Amino acid sequence: MSQPRQEIADVIVVGAGVVGLSCAWALLCEGASVTLIDRDFEGDRTSHGNAGGIAVSENTPIAVHGMFTQAAKWLMDPLGPLALDWKHVPSALPWFMAFRRAAEPARFDAISRALSRLNNRVYEDILPMFDDIGATAMLYRRGALTVYETDAAFAADQPEWALKRELGVRWHTLNQDEVRAAEPSLAPVFRHGVFLDDWSHIGDPRRLVTLLRERVMALGARFVTGVARALEPADGVLLDDGSRVFGRRIVVAAGAWSATLAKSVGDRVLLDSERGYNATLPRHGIALSREVIFAERKFVATPLDIGLRIGGAAEFAGLAAPPNYRRSEALLALGRRFLPDIDETDAVNWMGHRPSTPDSLPVIGVSPRAPSVVYAFGHGHLGLTQSATTAALVADVLGERMPRVPLEPYSIARFQH
Ligand SMILES: Cc1cc2nc3c(=O)[nH]c(=O)nc-3n(C[C@H](O)[C@H](O)[C@H](O)COP(=O)(O)OP(=O)(O)OC[C@H]3O[C@@H](n4cnc5c(N)ncnc54)[C@H](O)[C@@H]3O)c2cc1C
């Protein structure tokens, strides 16, 4: 896994999570020579442990009006869906302020439209990729179900559901009996359901990354194991050990770690790790047909091939703090309550770093300061969902074609002032 120093790749891709590997795959398919850099190609990362949702219906930002009152209540609950390490607050303050602005009505609407432009073409891009890498059999197109315990929460979400529909999301409501009939394993406490026709899930996120990596290798990519310290736009990438990887263009797909690389060419970005947790139950013993989203409690349960994954939570504590697996335990407690027959034997806890921007939009496109650098990071809750579409856009940019989606809303330039 090393590259002779004199070789010059057409494209260097920094980061071999689902986004970087998808970019490498798309570029290799177009005949580019690609060098991938990752500090640990097979190590655990965000793309390995996510909930597996192809969550195309998630086309509104995370910041919603009124969330801040709610957030204050969540923070009081030590094991609620939101946690904050107060030491992290000073450095995260600009991010939180921008997050708040994203909930303003005009901005919320514009962000939702920009998210929809990506999400509405996800299957067009992801199906050929899954086909090529041999992942089609692990894509379960069974929809997803959002469930509500209370009439009040269901009513409060109606404007958002209406906007989603206007932007192309197909959904219909289920009453209490229909929720029971659709998912008999759920506790009988849900008064409303919203069935999402186009959401799907994959059987195993880690396996998907492995299939992608193997295919990218078979297509001829070179793999360099090392830590990228800085971008050198005229030459390539400087590694931590002082060596250089040479390439004409550089794609930054380093997930939650991308901001320091962007900074090395003078680009500012608001990017934080929105740490998420889950517990995977290999012997869960229940029948769940599709991913279920628990609206009030902000967690999901996905029936993966490798077990039932119960996950969610948002913890702001930076990239370095150790995981607090009590959050996984808290999610498991919710699972126990709402899926009463689950068997927890051999449950595995996990934490990952969602690469989150405050406006829930990814960063895709050319650096305004270094034209050889292309960004592909910041996908937050939707990196798996938007992986192949991001890759197609990166290939458009590097292939000097008109991008299939106008890229202005995703430009890093939005953070420059
Ligand atoms: C609990 C949870 C549930 C989720 N559920 C879903 C879901 O259902 N659907 C969905 O679409 N998304 C989901 N996500 C989000 C999704 O997992 C992420 O958006 C996605 O994995 C990000 O992929 P990535 O390739 O950008 O980053 P990563 O997977 O983090 O990969 C980045 C790679 O870059 C490497 N790297 C970083 N810095 C350097 C450096 N300096 N030098 C060398 N290598 C470097 C890292 O080693 C890593 O391999 C979830 C996330 C979490 C935490």
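Up top is the structure.
A brief structural summary. Computed from a prediction, not measured in an experiment: that's the story for all the values here. Per chain, residue numbering runs from 1 following the sequence as it is written. Restriction of local features to residues with pLDDT of at least 70 applies here, the model being predicted, together with a cutoff of 80 or more for giving and counting side-chain atom pairs; totals for whole chains, interfaces and linings are based on all residues. Hydrogens and waters are ignored; side-chain quantities use all the structure's heavy atoms.

1. Thoughts on the overall build of the protein
Counting secondary structure elements, the protein contains 13 helices and 20 strands. Every radius of gyration here is taken over C-alpha atoms, with the globule rule written as 2.2 Å times N^0.38, N being the number of residues. For 417 residues, the compact-globule estimate of 2.2 N^0.38 gives 22 Å, and the C-alpha radius of gyration of the protein, at 21 Å, lies within 12% of that figure. Across its three principal axes, the protein shows a C-alpha extent of roughly 65 × 45 × 40 Å. Looking at the 417 residues of the protein, the share that counts as buried comes to 60%. For the protein, the proportion of contacts with a sequence separation of at least 24, taken over those separated by at least 6, is 77%. Accessible area for the protein stands at about 17,000 Å²; split by element, carbon and sulfur atoms hold 55% of it. None of His or the chain ends enter the tally, which takes Lys and Arg as positive and Asp and Glu as negative. By convention, charge coordinates are those of NZ in Lys, CZ in Arg, CG in Asp, or CD in Glu. Mean positive and mean negative side-chain charge positions of the protein (44 and 48 charges, respectively) differ by 3 Å. A run of H or I in DSSP becomes a helix once it reaches four residues, and a run of E becomes a strand once it reaches two; helices and strands are each numbered from the N terminus. With a 1.4 Å probe rolled over the protein chains alone, any residue whose accessible area is under 20% of its type maximum counts as buried; one over 50% counts as exposed, and the rest are partly exposed. Should any heavy atoms of two residues lie within 4.5 Å, those residues are counted as being in contact. Per-residue and other accessible areas follow the Shrake-Rupley method at a 1.4 Å probe size, with only the shown protein chains counted as cover for residues.

2. A word on the sheet that holds strand β9 (residues 200-202)
Pairing between strands requires that DSSP locate at least two bridges from one strand to the other. The strand order across the open sheet formed by three strands is β3-β9-β5, and the pairing between neighbours is antiparallel. At either end of the open sheet lies a strand with only one pairing partner, and these are β3 (53-54) and β5 (139-140). The pairing of β3 with β9 spans two bridges and is classified as antiparallel. Pairing of G53 across the sheet is with H201, part of β9.

3. Quick look at the packing of helix α1 (residues 18-29) against helix α10 (residues 205-218)
Two numbers describe how α1 lies on α10: the axes approach to 9 Å, and their chain directions differ by 35°. With respect to the hand of their crossing, α1 and α10 are arranged in left-handed fashion. Listed contacts from α10 to V18, L21, S22, A24, W25 and L28 of α1 are L208, V209, L212, R213, R215 and V216. To get an axis, a line is fitted to the C-alpha atoms, and for a helix only the part in contact is used. The angle between two axes follows their N-to-C directions and goes from 0 to 180 degrees. Handedness of each helix crossing follows the sense of rotation of the near helix against the far helix: counterclockwise by less than a right angle gives left-handed, clockwise gives right-handed.

4. Observations regarding the pattern of salt bridges
What makes a salt bridge here is a side-chain nitrogen of Lys or Arg within 4 Å of a carboxyl oxygen of Asp or Glu, nothing more. Tallied over the entire structure, the rule returns 27 salt bridges. Between E149 and R297 there is a salt bridge, with its nearest N and O atoms 2.8 Å apart. Within this pair, whereas E149 is found in the loop between β6 (144-148) and α7 (151-156), its partner R297 is found in the loop between β15 (291-294) and β16 (299-304), the two being separated by 148 residues in sequence. Residue R297 is classed as partly exposed on the basis of its relative accessible area, which comes to 26%. One salt bridge in this structure joins R244 and E232, with 2.5 Å as the shortest N-O distance. A residue pair is termed long-range when its members are at least 10 positions apart, and R244 in strand β13 (residues 244-252) and E232 in strand β11 (residues 228-232) qualify at 12 residues. Linked by salt bridges that have partners in common, E30, R121, E124, D125, D396, R401 and R404 make up one network.

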